[in-house]
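Letter by letter, the chains look like this.
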Amino acid sequence: MIAIKKNKKAGERYLSIWMILIWFIILVAIVIGVLLFNSIKIDTRAIESNSLSERLISCIQGNFSYEQITSANFSIYKFCNLNRDVADGAMYFFNITLSSSGKMFSISGGNPDYSVQCGYQSLSGKTEPNFAQCTNKQIALTDKKTAQIYNLQIVTASNQKGEFK
Amino acid sequence: MIRLKNKKADALDLMAGTAIFLILNLAFFIMLMFFVSKAGTGADITEQIYSQKIAVLADSLRPGAEITLDISELMEMAKDNNYNGDIISIDKANSTIIVAVGKTGSHSYRSFLDFNRVSITLDKNNKTFSMMEQS
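Residues numbered from 1 in each chain as written. Chains lettered and ligands numbered in written order. Predicted model: local features only at pLDDT ≥ 70, side-chain atom pairs only at ≥ 80, totals over all residues. Heavy atoms only, no water.

A.B. asks: Just checking my understanding: could you explain the pattern of salt bridges for this structure?
C.D. replies: A side chain with one charge may pair with a side chain of the opposite charge, provided their charged atoms come close. The full count for this structure, using the stated rule, is five salt bridges over all chains. Of the charged contacts, one joins Arg 45 of chain A and Asp 43 of chain A as a salt bridge, the two residues approaching to 2.9 Å between their closest N and O atoms. Salt-bridge contacts for Glu 76 of chain B lead to Lys 127 of chain B; the nearest nitrogen and oxygen are separated by 3.1 Å. Highlighted residues: Glu 76 of chain B in helix 3 (residues 72-80) and Lys 127 of chain B in the loop between strand 5 (118-123) and strand 6 (128-133), separated in sequence by 51 residues. Judged by relative accessible area, Glu 76 of chain B falls into the partly exposed class, the value being 36%. (Salt bridge = Lys/Arg side-chain N within 4 Å of Asp/Glu carboxyl O. Helix = DSSP H or I, 4+ residues; strand = E, 2+ residues; numbered from the N terminus. Buried < 20%, exposed > 50% of the residue type's maximum accessible area, 1.4 Å probe, protein only.)

Structural data, given as structure tokens:
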């Protein structure tokens, strides 16, 4: 009776490939769950677009002079205390249109693609989550010097997403 | 005699196997608990929330107005993580608000406001962060 049939070894019983595979699946599931939870972005694009619009309106409205705004050395960035690199960059867009009885003047900055995205959303009446979020406002302004009434239309957009370093 | 020898060897194998099994189990669960506890602090989400909150508040600033934000939560987290660096820093050239509560990373968010005309105060005693745009 030398040839005794060996029992399965304890190590083999517990450390089978299946056991390691199950551990690995549990680990991957937990890591994926945590990463998914942490990757959720807080969408403040609509608020930013509205803030940009409000800022442009408030600084233009404050001491409105058509002559000043249309002058060659006028800078909307300095006038409204905007960072040119950001407001004229890839994440934002703005278009200011001043009009009054035959006169029309426009200033725009930022990513011109958002103009198309804003136009599409405005026409369809739907908010597209993958598009830039837009604000469209229109008010009447009185020129402080000439007392002429102008129509101010402002379209702004933001498509900013945060960064992790 | 041969049967006895085999029994001894089997017992040793069983002990070694069980020991390896227990060590590997322990290592796996320690690693898992470490990862989950680190992720569970919510530092990542908090950094993201505060960087966006400050950027949105900066966007809505008006000349002459001052905005103060309670940052006690950030300071507590930084203390828990033994982090002594800048919790909130602003890159004025790019108008970027950077929030960090640990050494491992940070979150940043941009504002369209020009911070060269904004005075910033971080009051560590009152745990507040203030911004005021010059008129």
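A.B. asks: Hey, could you run me through the interface of chain B and chain A in this one?
C.D. replies: For an interface, size is often stated in terms of accessible area lost upon the parts coming together. On the chain A side, the residues contacting the 44 residues of chain B number 41 residues. Counting the surface lost from both chain B and chain A, the interface buries some 3900 Å², and carbon and sulfur atoms represent 61% of this. The interface formed by chain B and chain A contains one salt bridge. Measuring nitrogen to oxygen at the nearest pair gives 2.4 Å for the salt bridge that ties Glu 133 of chain B to Arg 55 of chain A. Those elements giving two or more residues to the side of chain B that touches chain A turn out to be helix 1 (2-40), helix 2 (43-59) and strand 4 (107-110) of chain B. With 16 residues, the top contributor of residues to the side of chain B that touches chain A is helix 1 of chain B. (Contact = heavy atoms within 4.5 Å. Buried area = accessible area lost by both parts, 1.4 Å probe.)

A.B. asks: Just to check I follow, could you spell out a nonpolar patch on the surface for this structure?
C.D. replies: A cluster of nonpolar side chains, Ile 17, Trp 18, Leu 21 and Ile 25 of chain A, forms an exposed patch at the surface whose accessible area comes to about 480 Å². With respect to the element layout, Leu 21 of chain A can be found in helix 2 (residues 17-38). (Patch = residues over 30% accessible without salt bridge, like charges linked within 9 Å, V, L, I, M, F, W, Y side chains within 5 Å. Areas by Shrake-Rupley, 256 points an atom, 1.4 Å probe, with all protein chains shown as cover.)

A.B. asks: It is not clear to me how the packing of aromatic side chains should be interpreted in this structure. Could you clarify?
C.D. replies: Remark: the centre distance and the inter-plane angle together describe each pair of aromatic rings, the angle taken between the planes. Residues and elements named next belong to chain A. Tallied over the full model, the rule gives eight aromatic pairs over all chains. The interplanar angle of 10° and the centroid separation of 4.6 Å between the aromatic rings of Tyr 66 and Tyr 150 together place this pair among those described as stacked. You can see Tyr 66 sitting in helix 4 (residues 66-70) and its partner Tyr 150 sitting in strand 4 (residues 149-158), a full 84 residues away along the chain. Overall, Tyr 66 belongs to the buried group, its relative accessible area being 11%. For Tyr 150, a relative accessible area of 2% gives the class buried. (Phe/Tyr/Trp six-rings, centres within 6.5 Å; stacked < 30°, edge-to-face > 60°.)

A.B. asks: Looking at this structure, how should I read the environment of Gln 52 of chain B?
C.D. replies: Looking at the secondary structure, you find Gln 52 of chain B in helix 2. Residue classification places Gln 52 of chain B among the buried positions, given a relative accessible area of 3%. For the pair Gln 52 of chain B and Ser 111 of chain B, spaced 59 residues apart in sequence, the C-alpha to C-alpha distance is 8.9 Å. Discounting residues that sit within four places of it in the chain, Gln 52 of chain B has contacts with Ile 42 and Thr 44 of chain A together with Tyr 109 of chain B.

A.B. asks: Got a minute to help me understand the layout of surface pockets in this structure?
C.D. replies: Rolled over the atoms, a probe with the dimensions of a water molecule shows which regions are left empty. Residues and elements named next belong to chain A. Its volume calculated, the second largest pocket comes out at about 190 Å³. Contributing to the lining of the second largest pocket are 13 residues, with Cys 118, Gln 121, Ser 122, Cys 134 and Thr 135 lying nearest its centre. Mapped by element, the contributors of at least two residues to the lining of the second largest pocket are helix 7 (113-124) and strand 3 (133-142). Broken down by element, the lining of the second largest pocket gets its largest block of residues, five residues, from helix 7. Across the lining of the second largest pocket, the residue classes tally to three nonpolar, nine polar and one charged. (1 Å grid on protein atoms, 1.4 Å probe; cavity = no way out; pocket = protein on both sides within 12 Å on 5 of 7 lines; lining within 4 Å. Points joined across faces, edges and corners; volume = space filled by probe spheres on them. Nonpolar A, V, L, I, M, F, W, Y, C, P; charged D, E, K, R; others polar.)

A.B. asks: How should the sheet that holds strand 6 of chain B be read in this particular structure?
C.D. replies: Two orientations exist for strands paired in a sheet by backbone hydrogen bonds: parallel and antiparallel. Residue and element names in this part refer to chain B. The strand order across the open sheet built from three strands is 1-6-5, with neighbouring strands paired in antiparallel fashion. Edge strands, defined here as strands with exactly one partner in the open sheet, are strand 1 (66-70) and strand 5. Taken over all neighbouring pairs, the strand axes of this sheet differ in orientation by 15° on average, direction set aside. Seen against the sheet, helix 2 touches strand 1 and strand 6 and runs at an angle of roughly 165° to strand 1. (Pairing = 2+ DSSP bridges. Axes fitted to C-alpha atoms, helices over the stretch in contact; angles between N-to-C directions.)

A.B. asks: Explanation requested: unusual backbone geometry in the structure shown.
C.D. replies: When glycine is set aside, most residues are seen to have a negative phi, and most peptide bonds are trans. Residue and element names in this part refer to chain A. Phi is positive for Asn 81, close to 55°, though the residue is something other than glycine. Following the sequence through the fold, Asn 81 ends up in the loop between helix 5 (76-79) and helix 6 (84-87). Assessed through its relative accessible area of 2%, Asn 81 is described here as buried.

So far we have only geometry, and geometry alone does not tell us how the molecule works.
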